[in-house]
Amino acid sequence: MWVCGLGLGCASGPGAVQSPTVDRAREMLRTGRAREGNLVLRCEPGDADVYLDGVAQGFCSDFGDAQGGLHVGEGMHRVDVKKEGHWPYTTYYEPGRARAVLTIRLRERAPGGGQSP
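Small disclaimer: the values here were computed from a predicted structure and weren't measured.

Turning our attention to the sheet that holds strand S7 (residues 77-82). Across the sheet, four strands lie side by side as S5-S4-S7-S8; this open sheet has antiparallel pairing. Each end of this open sheet is capped by a strand with a single partner; those strands are strand S5 (55-59) and strand S8 (89-93). Ignoring which end each strand starts from, the neighbouring axes of this sheet average 25° apart. For strand S4 (residues 49-52) and S7, the ladder comprises four bridges, and the chain directions are antiparallel. In the strand pairing of S7, Tyr 51 is matched with Asp 80.

Applying the stated criterion to the full structure yields zero aromatic pairs. One cation-aromatic arrangement involves Lys 82 over Tyr 51; the distance from NZ or CZ to the ring centre is 4.9 Å. Above the ring of Trp 87, the side-chain terminus of Arg 109 is found at 4.0 Å from the ring centroid.

Moving on, we come to the pairing of S8. Successive residues of a regular strand alternate their side chains across the two faces of the sheet. In this sheet, S8 lies alongside S7 in antiparallel orientation, the contact comprising five bridges. Across the sheet, the residue bridging to Arg 78 is Tyr 92, located in S8. As consecutive antiparallel partners, S7 and S8 are separated by six residues, and within that stretch Gly 85 has a phi angle of approximately 85°, a positive value.

Enumeration over the complete set of coordinates arrives at one disulfide. Here Cys 43 connects covalently by a disulfide to Cys 60, the sulfurs 1.8 Å from one another. One quick way to see it: the torsion about the S-S bond of Cys 43 and Cys 60 is about 55°, and its sign makes the bridge right-handed. Here the residue Cys 43 occupies a position in strand S3 (residues 37-44), and Cys 60 occupies one in the loop between S5 and strand S6 (70-72), the gap between them amounting to 17 residues.

Backbone torsion omega between Glu 44 and Pro 45 reads 0°, so that peptide bond is classified as cis. Summarising the element assignment, Pro 45 is placed in the loop between S3 and S4. Residue Asp 53 is not a glycine yet carries a positive backbone phi of 55°.

Now for the confidence of the model for the protein chain. Per-residue pLDDT for the protein chain has a mean of 80; in total, 73% of the residues score no lower than 70. Highest mean pLDDT in the protein chain belongs to S4 (97); lowest belongs to strand S1 (residues 3-5) (46). In the predicted structure, residues 1-12 sits below a pLDDT of 50 and forms 24 contacts with residues beyond four places in sequence or in another chain.

In this fold, Asp 80 is placed in strand S7. Side chain to side chain, Asp 80 and Thr 90 meet in a polar contact 2.5 Å long. Not counting residues within four places of it along the chain, the set of residues in contact with Asp 80 comprises Asp 49, Val 50, Tyr 51, Tyr 89 and Thr 90.

Criteria and cut-off values
- Residues numbered from 1 in each chain as written.
- Predicted model: local features only at pLDDT ≥ 70, side-chain atom pairs only at ≥ 80, totals over all residues.
- Heavy atoms only, no water.
- Pairing = 2+ DSSP bridges.
- Helix = DSSP H or I, 4+ residues; strand = E, 2+ residues; numbered from the N terminus.
- Axes fitted to C-alpha atoms, helices over the stretch in contact; angles between N-to-C directions.
- Phe/Tyr/Trp six-rings, centres within 6.5 Å; stacked < 30°, edge-to-face > 60°.
- Lys NZ or Arg CZ within 6 Å of the ring centre and 35° of its normal.
- Disulfide = S-S within 2.5 Å.
- pLDDT = per-residue confidence, 0-100.
- Contact = heavy atoms within 4.5 Å.
- Polar contact = N/O pair within 3.5 Å; in protein donor to acceptor, adjacent residues only side chain to side chain.

Here it is as structure tokens:
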């Protein structure tokens, strides 16, 4: 039995589809697994501390557009942004082929450590 798809070519069994589009998609999947990237950080306040997988990297302002961003190796990473007197921000990031931009606005803690309104 032959299976044909619009713009993808035809196949007679698993993995048998042959076309430039399918070949390119397979290549992207194969090479897309081991990626590194840059994460551009735009923060308020700019002097908040940045941690990558628990290791201090510098101030948030060190990783803005002009500086090229925070270099991140392949795999999933934890990114923390902290500043005394503010609630911390945590996210997870796995780099892709495009530069990612993260905009963070830390919220101030209320005096005495309570939550601000």
